[in-house]
Amino acid sequence: MHSMSNSPQPDWDPRSPSVLDDQIAAYDRMRSRCPVAHSDYLHWSLFRHADVLRVLEDHDTFSNTGSRHPSVPNGMDPPEHTEYRALIEPYFAPERVRAFEPVCRGVAIDLVDRLPAGGEVELMGGFARDFALRIQCAFMGWPAELQEPLRQWTRRNHEATLSGDRAATAAVALGFDGFVRALLDEHRRAGDAAPDDVTTRLLAERIGDRPLTAEEIVSIVRNWTVGELGTIAASVGILAHYLATHPDLQRRLREDLSLLPAAIAEILRIHAPLIANRRITTRAVEIGGRRLEAGARLSLIWASANRDEAVFGDPDEFRLDRDPAQNLLYGAGIHVCPGAALARLELRVVMEELLARTGQIALVPDRPPVRATYPASGFTALPLRVVRCS
């Protein structure tokens, strides 16, 4: 049992080459060696499923209000969180998600049909990021010409986060805020002629007895967009890579697409598309044999918790019969991802079309994939041989 002084010694370095070279393997090692670990970069990192679940379920002790800018609703605690969450959930209601399926399928079909005839593609730049961008714009009701500014913004955001330069990150966030505010102004000016899209609906929402502020709408849209673009693109890459390296499973799924939802959840349990989320302690607490004072910052390492041997046995064993309730892919507790149903739909549809319209997905022998590094997951570059059906 360790006691905590005001400035604990680092237990690990999340930015060391040995960690960044293979994040998942490094987190596996930490889970057995030091399941609650301190570092200057990530503060307290939690690697075990039980510890992460405890934090998710005890929002009184482990607060979500650690962000430096307003974050609606995921940077809030009850009762405030409850009110905003009730406002947001209808946007991802089952009937809305179902109604979006044909649009989503149209985008997936178009992108698969555009894959190079020669079969070789860098899947992240040539497919996955385009899919994420196009479906996000489609879901929000944004015109196609916004895709390019969004692509540039996502790239700058990733670079700024990677650099750890707070000023750069703030400048990029401000750029996105300007982008959304311009959209809001445009919709306001249009009045009754504004399109019936998510932006127009958000402008009409009320919290208590007042309309949402521009700042609140910007925060909601930022959360949906940033979360969506990064994790959907990462997920598509992880899924395609897994099938390329497991041809027997690829063949099985081609023969029976109904297995896809369970297969997708299991592949993304093995290789998480989202590495971590943050919390902050409201009081002194002991977790995993460590004492954390009030105000301690935590990183919940999803990419480790979902591979915990205590819950899943061999973390790399692919099984379709796992208990979905144990999979923390979309979180748990009051902050479980409100867009989980939409993300499941998007990933199922894109993988259905990728498998239905191709005969083979394989690695390119002399071009190895390039793994993404924290805070991203998956791959930054993924050369694949994707043979389209003639």
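Here's a quick rundown of the structure. (Residues numbered from 1 in each chain as written. Predicted model: local features only at pLDDT ≥ 70, side-chain atom pairs only at ≥ 80, totals over all residues. Heavy atoms only, no water.)

## Quick look at the sheet that holds strand β14 (residues 383-388)
The sheet built from three strands is open, its strands ordered β4-β14-β11 with antiparallel pairing. Single-partner strands in this sheet number two, and they are β4 (120-122) and β11 (358-363). Across this sheet, the average inter-strand angle for adjacent strands is 30 degrees, counted without regard to direction. Pairing of β11 with β14 involves five bridges; the strand directions are antiparallel. Bridge pairing in β14 places Q360 opposite V387. Helix α10 (residues 214-245) rests against β11 and β14 of the sheet, and its axis sits at about 90 degrees to β11. (Pairing = 2+ DSSP bridges. Helix = DSSP H or I, 4+ residues; strand = E, 2+ residues; numbered from the N terminus. Axes fitted to C-alpha atoms, helices over the stretch in contact; angles between N-to-C directions. Contact = heavy atoms within 4.5 Å.)

## Observations concerning the environment of A233
By secondary structure assignment, the location of A233 is in helix α10. Given the relative accessible area of 5%, A233 is considered buried. Remark: the alpha-carbon pair of A233 and A128, spanning 105 residues in sequence, is separated by 4.8 Å. Not counting chain neighbours up to four residues away, the residues in contact with A233 comprise M124, A128, R129, A132 and E228. (Buried < 20%, exposed > 50% of the residue type's maximum accessible area, 1.4 Å probe, protein only.)

## Some thoughts on the packing of helix α5 (residues 94-113) against helix α15 (residues 340-356)
Look at α5 against α15: their axes get within 9 Å of each other, and the N-to-C directions meet at 35 degrees. Our pair here, α5 against α15, has a crossing hand that is right-handed. Of α15, the residues touching α5 (which contributes V97, F100, E101, C104, R105, A108, I109 and V112) are A341, L342, L345, E346, R348, V349, V350, E352, E353 and L354. For the contact of α5 with α15, a count of residues per class yields 12 nonpolar, no polar and six charged. (Left-handed = near helix turned anticlockwise from the far one by under 90°. Nonpolar A, V, L, I, M, F, W, Y, C, P; charged D, E, K, R; others polar.)

## What to know about the pairing of strand β2 (residues 43-46)
For strand β1 (residues 36-39) and β2, the ladder comprises four bridges, and the chain directions are antiparallel. In the strand pairing of β2, S39 is matched with H43. Where β2 and strand β10 (residues 297-301) come together, three bridges link them in parallel fashion. When the bridges of β10 are listed, L46 appears paired with L300.

## Remarks on the environment of A262
Of note, A262 is situated in helix α12 (residues 260-270). Taking the C-alpha atoms as reference, A262 lies 8.5 Å from R322; in sequence the two are 60 residues apart.

## Concerning the sheet that holds strand β7 (residues 276-281)
The strand order across the open sheet built from five strands is β1-β2-β10-β7-β3, with neighbouring strands paired in mixed fashion. Taken across any chain shown, the strands that pair with only one partner, and hence form the sheet edges, are β1 and β3 (62-63).

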